[in-house]
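Chain and residue survey
Residues per chain, in single letters:
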Amino acid sequence: MKQNSAEYLRTNLHTHTWRCMHATGTEKEFVEKAIESGIKLLGFSDHSPMPFPNDHVSGFRMRPDQLEDYCRTVEGLKKEYAADIEIHIGLEAEYYPKCFDALLELLHGYPIEYLLLGQHCTMNEYDGAVSGYPTEDRSILDQYVKQVVAGMETGRFLYLAHPDIIYYVGDENILLEAYREICRKALSMEIPLEINMLGIHLERTYPEERFWKVAGEVGNDVVIGVDCHHVNTMYLPEAYQRAMRLVKNCRLKLMDAAELTGRFFAG
């Protein structure tokens, strides 16, 4: 029996799996919960494996040797639930300068249809800062903006997930100019920005209303992503309503993420 009313999103391209080490539940459970919630198109986009050029081991992403099983599992569900829901295979990845070419090489030959840009750390993770930690250091803000812009310029990312994850607590004018630079680049590249429902649900520092006011002024396209890490966070009607209020209050150009499937690429 479906839980949702007409007032819930129909497309979610931001879904994680247990392989990232901070999500729970099986992919099958996620699919069934999405169907129950009235979602018509579901994209898995777990935290991408990253071929670091040293011995660094990330604590929040799948390992390279898990990529094949990830793709096989989601492809199996695609076929099993074809009559009930449209399923796609993606990844959420950062733009790490020393890793990006190797990442694309790693993904070659796998049925990855899209990448989401989610810049959780600056530099190359092992030598940078966590984007979501509070900082007054302008150099961290500047580096975040530099890498987000560079990531968008690769042309490999479908949309920018939680663009407002950077938690700069210094001068507001400096922060607003950083927001404008991200929004202007996204607009010029025709890359949508994501309002993150998990951030709303968990009352994180994002969505940051000041960012979205800038996005409204710039005229960016906007999508809504669940950022699902647990079965019980696939259906978040209160978070969705708050996201819709943000869209209205900031005069945002909301689009259905299903419109982006034409930009998918083969692995």
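The sections below set out a description of the structure shown in this document.

Here is what the cut-offs are and how they apply
- Residues numbered from 1 in each chain as written.
- Predicted model: local features only at pLDDT ≥ 70, side-chain atom pairs only at ≥ 80, totals over all residues.
- Heavy atoms only, no water.
- Helix = DSSP H or I, 4+ residues; strand = E, 2+ residues; numbered from the N terminus.
- Buried < 20%, exposed > 50% of the residue type's maximum accessible area, 1.4 Å probe, protein only.
- Contact = heavy atoms within 4.5 Å.
- Areas by Shrake-Rupley, 256 points an atom, 1.4 Å probe, with all protein chains shown as cover.
- Lys, Arg positive; Asp, Glu negative; His and termini not counted.
- Charge placed at Lys NZ, Arg CZ, Asp CG, Glu CD.
- Disulfide = S-S within 2.5 Å.
- Axes fitted to C-alpha atoms, helices over the stretch in contact; angles between N-to-C directions.
- Left-handed = near helix turned anticlockwise from the far one by under 90°.
- Nonpolar A, V, L, I, M, F, W, Y, C, P; charged D, E, K, R; others polar.
- Phe/Tyr/Trp six-rings, centres within 6.5 Å; stacked < 30°, edge-to-face > 60°.
- Lys NZ or Arg CZ within 6 Å of the ring centre and 35° of its normal.
- Expected span 1.5 Å × (residues − 1).
- Arc of directions from axis to C-beta.

Remarks on the overall build of the protein
Summing up its helical and strand segments, the protein has eight helices and eight strands in all. In terms of overall dimensions, the protein has a C-alpha envelope of 50 × 45 × 30 Å along the principal axes. In the protein, buried positions account for 54% of the 267 residues. Within the protein, counting contacts between residues at least 6 apart in sequence, those at least 24 apart form 81% of the total. Entry remark: accessible area of the protein is about 11700 Å², with carbon and sulfur atoms responsible for 48%. Within the protein, the 41 negative side-chain charges are centred at a point lying 4 Å from the centre of the 27 positive side-chain charges.

Some words on the state of the cysteines
Across all of its chains, the model carries zero disulfides by this definition. Looking at cysteine 228, it has no disulfide partner, and the nearest cysteine sulfur is the one in cysteine 20, 10 Å off. Left without a disulfide partner, cysteine 250 is nearest to the cysteine sulfur of cysteine 183, which lies 11 Å away.

Topic: the packing of helix α1 (residues 27–37) against helix α2 (residues 67–80)
One way to put it is that α1 packs onto α2 with a least axis distance of 10 Å and a crossing angle of 35°. Relative to α2, α1 is oriented so that their crossing is right-handed. Along its contact with α1, which presents Glu27, Lys28 and Val31, the element α2 presents Thr73, Leu77 and Glu80. Class assignment for the residues of the contact of α1 with α2 results in two nonpolar, one polar and three charged.

Quick word on the packing of aromatic side chains
Summed over all chains, the structure comprises nine aromatic pairs. Centre to centre, the rings of phenylalanine 52 and tyrosine 126 are 6.1 Å apart; their planes meet at 80°, and the pair counts as edge-to-face. Placement of the pair is phenylalanine 52 in the loop between β2 (41–47) and α2 and tyrosine 126 in the loop between β4 (114–117) and α4 (138–153), with a sequence separation of 74 residues. A residue is classified by how much of its surface remains accessible, and tyrosine 126, at 27% relative accessible area, is partly exposed. Put simply, the rings of Tyr8, Tyr235 and Tyr240 touch in pairs and so form one group of aromatic residues. Over the aromatic face of phenylalanine 265 sits the side chain of arginine 156, whose NZ or CZ is 4.8 Å from the ring centroid.

Examining α4
In this model, α4 (16 residues) spans 22 Å end to end at C-alpha, consistent with the 22 Å of a helix rising 1.5 Å per residue. Every buried residue belonging to α4 is among Ile140, Leu141, Gln143, Tyr144, Val145, Gln147, Val148, Val149, Gly151 and Met152, and all of these are buried. Positioned one or two residues after α4, glycine 155 has a phi angle of 75°, which is positive.

Points about helix α5 (residues 172–189)
Think of an α-helix as 3.6 residues a turn; residues three or four steps apart then line up on the same face. Compared with the 26 Å implied by 1.5 Å per residue over 18 residues, the 26 Å span of α5 between its first and last C-alpha is a close match. Buried within α5 are the following residues: Leu175, Leu176, Ala178, Tyr179, Ile182, Cys183 and Ala186. Within α5, the buried residues cover an arc of 155° as seen down the axis, which keeps them to one side. Of the exposed residues in α5, those oriented more than 90 degrees away from the buried face are Asn173 and Ser188. Looking at the buried positions of α5, the neighbouring elements they touch are α4, β5 (159–160), β6 (193–196) and α7 (209–218).

Notes on unusual backbone geometry
Omega for the peptide link from tyrosine 206 to proline 207 comes to 0°, which places this bond in the cis form. Secondary-structure assignment places proline 207 in the loop between α6 (197–201) and α7. We note that aspartate 227 has phi near 60°; this positive angle belongs to a residue other than glycine. Tracing the chain through its elements places aspartate 227 in the loop between β7 (221–225) and α8 (237–249). Assessed through its relative accessible area of 3%, aspartate 227 is described here as buried.

On their own, these measurements won't tell you what the molecule is for.
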